[in-house]
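Each chain, letter by letter, is given below.
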Amino acid sequence: MPVPTCPCGQDLPYADCCGRLHRGEATATTAEQLMRSRYAAFVMHDAAYLRRTWSLTTRPATIDFTPGQKWTGLEIVSTTGGSPFHSEGTVEFHAHYTRNGNPGTQSETSTFTREAGEWVYVEAL
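Residues numbered from 1 in each chain as written. Predicted model: local features only at pLDDT ≥ 70, side-chain atom pairs only at ≥ 80, totals over all residues. Heavy atoms only, no water.

Relative to the 20 Å expected for 14 residues at 1.5 Å per residue, helix H2 (residues 31–44) spans 20 Å between its end C-alpha atoms, a close match to the ideal helical length. For H2, the complete set of buried residues consists of Ala31, Leu34, Met35, Arg36, Ser37, Arg38, Tyr39, Ala40 and Ala41. Against the buried residues of H2 lie helix H1 (18–22), helix H3 (47–52), strand E1 (69–81), strand E2 (88–99), strand E3 (102–115) and strand E4 (118–124). (Helix = DSSP H or I, 4+ residues; strand = E, 2+ residues; numbered from the N terminus. Expected span 1.5 Å × (residues − 1). Buried < 20%, exposed > 50% of the residue type's maximum accessible area, 1.4 Å probe, protein only. Contact = heavy atoms within 4.5 Å.)

Here the focus is the UniProt feature "domain: YchJ-like middle NTF2-like" (unreviewed entry) in the protein. In the numbering adopted here, UniProt assigns the feature "domain: YchJ-like middle NTF2-like" (unreviewed entry) to residues 30–123. The annotated region residues 30–123 carries 21% helix and 48% strand content, and the separation between its end C-alpha atoms amounts to 16 Å. (UniProt positions renumbered as here; feature names shortened; annotations may be inferred.)

On to the pattern of salt bridges. Per the counting criterion, the structure on display carries 2 salt bridges. One salt bridge connects Arg23 with Glu25, and the closest N-O pair in it is separated by 2.8 Å. Classification of Glu25 by relative accessible area gives exposed; the value is 55%. One salt bridge in this structure joins Glu32 and Arg36, with 3.0 Å as the shortest N-O distance. You can see Glu32 and its partner Arg36 sitting in helix H2, 4 residues apart, about one turn around the helix. The class of Glu32 is partly exposed, set by a relative accessible area of 25%. (Salt bridge = Lys/Arg side-chain N within 4 Å of Asp/Glu carboxyl O.)

See the structure below:
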């Protein structure tokens, strides 16, 4: 039986891709990698990872998952900054889902920064 690829859209098994970040074995080296891993965390309902990678300045008290919503695909539209050599970056994306059987898309440009040397999500523009 083939190993399923990571929900983030990279052509790697989850365990070798975002799973490493979710388990704390690695940290994101770029804002895009963090964006992809956070999308995968939403797919997996990994609230602990989402909290850990959310800026201390904007992190909500709780993270709720929408009942009946299933994430079905991630499309990265563009990035600015966010490389291993930057301290800030943005990622524009379309996250596709179904909610109670109805398809939808969440389109957003997310901002990222470094806190204590690690990439974190700040907010949507």
